[in-house]
Amino acid sequence: MSRESEVDYSRYVIFDDGRIISKQIKKEMSCSNLTKGGYIYNSYRTKNGKQLVLYRHRVIWHYFNGEIPIGLQIDHIDGNRKNNRLDNLRLVTHKENMNNPITRKRMELVWSDKNRNQKISDGNRGRIASEEQKRKQSIKMSGSNHPFFGKHRPEQSEFARTRQRDSKGRFI
């Protein structure tokens with residue numbers, strides 16, 4: 001049983017165009033609650049009265065199509081995570097989700113093809129740093145140019161120097 005099945009759907013009016021209206025406050029639920037990844041989330045009341053925070057696209061899929069099987073995901077076909085229209089959502093495996101051409105293009109901007117574990121910064125906009133750029137950066141951060149060059153740990157206090165220690169190095 002998924003978390004989406006705990007929602008008390010009698011409290012909401014859910015449309016296939018991605019809108020959800022709360023019957024209690026008679027207003028459309030906010031679309032400004034976004035995760036860092038860009039997914040819309042809202043807080044929903046469960047059947048026992050508790051609050052539950054869920055992704056909007058999962059709630060819409062569950063309302064119209066039923067339970068989301070374990071191991072499957074909801075994919076935004078056009079890649080726009082704010083577009084939660086029912087005709088833009090599909091049930092896929094993780095592998096199928098990653099093979100969506102739009103998702104794949106977005107991932108190529110973040111990860112290098114040569115080394116999948118090397119993350120490329122947003123400032124480089126997905127470009128792979130050349131060997132010359134890497135060499136210049138390493139020279140820039142070496143020796144006296146390094147930001148921590150010449151900085152030492154504070155001297156040990158007089159109290160700590162004079163205290164006796166046992167065989168395991170603990171103060172006596």
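You'll find the structure just up there.
The written sequence of each chain sets the order in which its residues are numbered from 1. This being a predicted model, a pLDDT of at least 70 is required before a residue's local features are given, and a value of 80 or more before pairs of side-chain atoms are given or counted; all residues contribute to the totals for chains, interfaces and linings. Side-chain metrics in this entry use all non-hydrogen atoms of the structure; hydrogen atoms and water are not considered.

*Asks:* What is the right way to look at the side chain of R56 in this model?
*Replies:* Helical segments are the DSSP runs of H or I of at least four residues, strand segments are the runs of E of at least two, and each set is numbered from the N terminus. Locating R56 in the fold gives a position in helix α1 (residues 56-65). Put simply, R56 is tucked away with no salt bridge, and the nearest opposite charge, on E28, sits 4.7 Å away. The contacts of R56, once residues within four sequence positions are left out, are G18, R19, I20, M29, S30, C31, I40, Y41, N42, Y44 and N84. Throughout this description, buried means an accessible area under 20% of the type-specific maximum (1.4 Å probe, protein chains only), exposed means over 50%, and partly exposed covers the range between. Charge convention: Lys and Arg are scored as positive, Asp and Glu as negative, and His as well as the terminal groups of each chain are ignored. Salt bridges are defined as contacts in which a side-chain nitrogen from Lys or Arg sits within 4 Å of a carboxyl oxygen from Asp or Glu. When checking whether two residues touch, look at their non-hydrogen atoms; a contact exists if any pair is within 4.5 Å.

*Asks:* Can you help me understand the packing of aromatic side chains in this one?
*Replies:* Aromatic rings considered in pairs are described by the distance between their centres and by the relative angle of their planes. Side-chain rings of Phe, Tyr and Trp (the six-membered ring for Trp) are treated as a pair once their centres are within 6.5 Å; stacked means planes under 30 degrees apart, edge-to-face means over 60, and tilted covers the remaining angles. Enumeration according to the criterion identifies four aromatic pairs in this entry. An aromatic cluster is defined as three or more aromatic residues linked by ring pairs; in this entry it consists of Y9, Y63 and F64. Distance and angle both matter: a charge sits over a ring if NZ of Lys or CZ of Arg is within 6 Å of the ring centre and within 35 degrees of the ring normal. Looking at R19, its charged tip hangs above the ring of F15, at a distance of 4.2 Å from the centre.

*Asks:* Quick question: what am I supposed to make of the pattern of salt bridges here?
*Replies:* Where charged atoms from two side chains of opposite charge come close, those side chains can pair. Enumeration over the complete set of coordinates arrives at five salt bridges. Of the charged contacts in the structure, one is a salt bridge between R11 and D8, with a shortest N-O distance of 3.2 Å. You can call D8 buried: its relative accessible area is 18%. The shortest N-O distance in the salt bridge between R90 and D75 comes to 2.9 Å. Of this pair, R90 sits in strand β7 (residues 89-93) while D75 is found in strand β6 (residues 72-76), placing the two residues 15 residues apart along the sequence. Among the residues examined, R90 registers a relative accessible area of 31% and is labelled partly exposed. For D75, a relative accessible area of 3% puts it in the buried group.

*Asks:* Before we go on, may I ask you to explain α1 in this structure?
*Replies:* Spacing of three or four residues puts side chains on the same side of an α-helix, whose turn is 3.6 residues. Among all positions of α1, only R56, H57, V59, I60, W61 and H62 are buried. In the segment just after α1, G66 is the residue with positive phi, at about 90 degrees.

*Asks:* Looking at this structure, how should I read the nonpolar core?
*Replies:* The tendency in soluble globular proteins is for nonpolar side chains to be buried side by side. The biggest cluster of nonpolar side chains holds 15 residues, and the ones touching the most others in it are V7, Y12, I14, I20, Y44, L54 and V59. Among the secondary structure elements, those contributing two or more residues to this core are β1 (12-14), β5 (51-55) and α1. Per-element tally for this core: the top contributor is α1, with three residues. In contact with I20, not counting residues within four places along its chain, are Y12, V13, I14, K27, E28, M29, Y44, R56, V59 and I60. The set of buried Ala, Val, Leu, Ile, Met, Phe, Trp, Tyr and Cys residues whose side-chain atoms join them within 4.5 Å is what this entry labels a nonpolar core.

*Asks:* Explain the sheet that holds strand β2 (residues 20-22) to me, please; I cannot follow it from the model alone.
*Replies:* Paired through backbone hydrogen bonds, the strands of a sheet run either parallel or antiparallel to each other. The three strands are arranged β1-β2-β3 in an open sheet whose pairing can be described as antiparallel. Every interior strand has two partners, whereas the edge strands, β1 and β3 (27-28), have only one. Two strands pair when backbone bridges link them, and β1 and β2 are joined in this way by three bridges, in the antiparallel orientation. Residue I14 lies in a different strand from β2, and its bridge partner there is I20. Only strands that DSSP links by at least two bridges are regarded as paired with each other.

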